[in-house]
Amino acid sequence: MDSAELVKKHNGFDSFNPMQEKAINAGAASSSIVVSSPTASGKTVVAEIAMLDSILNRKKKAVYTGPLRALASEHAHDFKRKYERLGVKIVLSTGDYDSSGANLSAKDAIFTTYEKLGSLITHRAEWLSSIGAIVIDEIHTIGSDRGPTLEMVVTKLRSINPKMQILGLSATIPNSKQLSEWLGAKLVESDYRPVKLREGIYLDGS
């Protein structure tokens, strides 16, 4: 089953944009990659390809993790709207930090935050070893004050599950090469923007 074609169909696309094509050609369906491209360039679609391939073709779980509950919730609802009809079991898990998340073991796609995922690792959730792909949204957060949490999550998960595919999504950042090397991932860089960015000063209606 071609996960890229499924994603194209369920998004109603005629074709992928240049950044998405570049990521697909780099092996986004099953290889570890870091995608560095501008905001709103369509990185979430690349994440959907990796997650569906893990669930439908590799029969493994897929996890999305991001810095905000609102972001995880938005992506969970969007993924559910598109792919629940394929029989994919989807869950949002962002609260109840003191839990092993045993209820998540029957789910295929799990959407969560860095901190909640860290808690699941601390409580040794048994299903962590069955993750086929993890999507780390806003991976450049690793350079912020929340960086240690994310670094711990990634390091421990790679220890538990060394064959797991990692898909890091980031806005354009200067150290994306070092980030991809640390993850053992290919780097996909793109300056594609669906809407041209203009810089200037707005004054008196012009």
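Everything here concerns the structure above.
All values derive from a computational prediction rather than experimental measurement.

Trainee: When you look at the pairing of strand 4 (residues 109–113) in this model, what are you seeing that I'm missing?
Mentor: Look at any regular strand and the pattern is simple: side chains alternate between the two faces of the sheet. Taking burial as the measure, the five residues of strand 4 include five buried ones, the bulk of the element. One ladder, built from five bridges, connects strand 2 (residues 61–66) with strand 4; its direction is parallel. When the bridges of strand 4 are listed, Thr65 appears paired with Thr112. Note that strand 3 (residues 90–93) and strand 4 share four bridges and pair parallel. Along strand 4, the bridge assignment pairs Val91 with Ile110.

Trainee: Help me out: how do you make sense of the sheet that holds strand 4 in this one?
Mentor: Remark on secondary structure: sheet strands pair via backbone hydrogen bonds, oriented parallel or antiparallel. As summarised here, the arrangement of the seven strands in space is 3-4-2-5-6-1-7, forming an open sheet in which the pairing is parallel. Of all strands in the sheet, those with a lone pairing partner are strand 3 and strand 7 (186–189), marking the two edges. Each strand of the sheet is rotated relative to its neighbour by a mean of 15 degrees, with strand direction disregarded. Each of strand 1 (33–36), strand 2, strand 4, strand 5 (131–136) and strand 6 (165–170) is contacted by helix 3 (residues 43–57), which is oriented at about 170 degrees to strand 6, the strand it contacts most. Helix 7 (residues 176–183) rests against strand 1, strand 6 and strand 7 of the sheet, and its axis sits at about 150 degrees to strand 7.

Trainee: How do you make sense of the nonpolar core when you look at a structure like this?
Mentor: Inside soluble globular proteins, nonpolar side chains tend to come together where they are buried. Counting 34 residues, the largest nonpolar core has Ile33, Val35, Phe79 and Leu167 as its most contacted members. Taken together, the elements giving at least two residues each to this core come down to helix 1 (3–11), helix 2 (18–25), strand 1, helix 3, strand 2, helix 4 (69–83), strand 4 and strand 6. For this core, the leading source of residues is helix 3, giving nine residues. Setting aside chain neighbours within four positions, we find Ile33 in contact with Ala23, Ala26, Ala28, Val46, Ile166, Leu167, Gly168, Ala185, Lys186 and Val188. Ile134, Leu150, Val154 and Met164 belong to the second largest nonpolar core, which has 26 residues in total.

Trainee: How should I be thinking about helix 3 in this particular structure?
Mentor: Along an α-helix, residues three or four positions apart point the same way, because every turn accommodates 3.6 residues. For helix 3, which comprises 15 residues, the first-to-last C-alpha distance of 21 Å matches the rise-based estimate of 21 Å (1.5 Å per residue) to within 8%. Within helix 3, 13 of the 15 residues are buried, which leaves it mostly tucked inside the rest of the structure. Of the residues trailing helix 3, Lys59 is marked for its positive phi of about 55 degrees.

Trainee: It is not clear to me how the packing of aromatic side chains should be interpreted in this structure. Could you clarify?
Mentor: Each aromatic ring pair is specified by the distance between its two centres and by the angle formed by the two planes. All told, the structure shown has four aromatic pairs when counted by the stated rule. Taking 5.5 Å as the distance between ring centres and 55 degrees as the angle between the ring planes, the aromatic pair formed by Phe79 and Phe111 counts as tilted. Taken as a pair, Phe79 in helix 4 and Phe111 in strand 4 lie far apart in primary sequence, 32 residues in all. For the pair formed by Phe79 and Phe111, the shared burial category is buried. Through pairs of rings, three or more aromatic residues link up here, namely Tyr64, Phe79, Tyr83 and Phe111.

Trainee: What am I meant to see in the pattern of salt bridges here?
Mentor: Two side chains of opposite charge can pair, provided their charged atoms sit close to one another. Overall, the coordinates contain eight salt bridges when judged by the stated rule. In this structure, Lys8 and Glu5 form a salt bridge, with 3.4 Å as the shortest nitrogen-oxygen distance. With Lys8 and Glu5 both in helix 1 and three residues apart, the pair spans about one turn of that helix. Residue classification places Lys8 among the buried positions, given a relative accessible area of 17%. Note on Glu5: relative accessible area 41%, which makes it partly exposed. Notably, a salt bridge pairs Arg146 with Glu115, separated by 2.8 Å at the nearest N-O pair. Of this pair, Arg146 sits in the loop between strand 5 and helix 6 (147–160) while Glu115 sits in helix 5 (residues 114–122), and the two are 31 residues apart along the sequence.

Reading guide: rules and limits
Residues numbered from 1 in each chain as written. Predicted model: local features only at pLDDT ≥ 70, side-chain atom pairs only at ≥ 80, totals over all residues. Heavy atoms only, no water. Buried < 20%, exposed > 50% of the residue type's maximum accessible area, 1.4 Å probe, protein only. Helix = DSSP H or I, 4+ residues; strand = E, 2+ residues; numbered from the N terminus. Pairing = 2+ DSSP bridges. Axes fitted to C-alpha atoms, helices over the stretch in contact; angles between N-to-C directions. Contact = heavy atoms within 4.5 Å. Core = buried A, V, L, I, M, F, W, Y, C linked by side-chain atoms within 4.5 Å. Expected span 1.5 Å × (residues − 1). Phe/Tyr/Trp six-rings, centres within 6.5 Å; stacked < 30°, edge-to-face > 60°. Salt bridge = Lys/Arg side-chain N within 4 Å of Asp/Glu carboxyl O.

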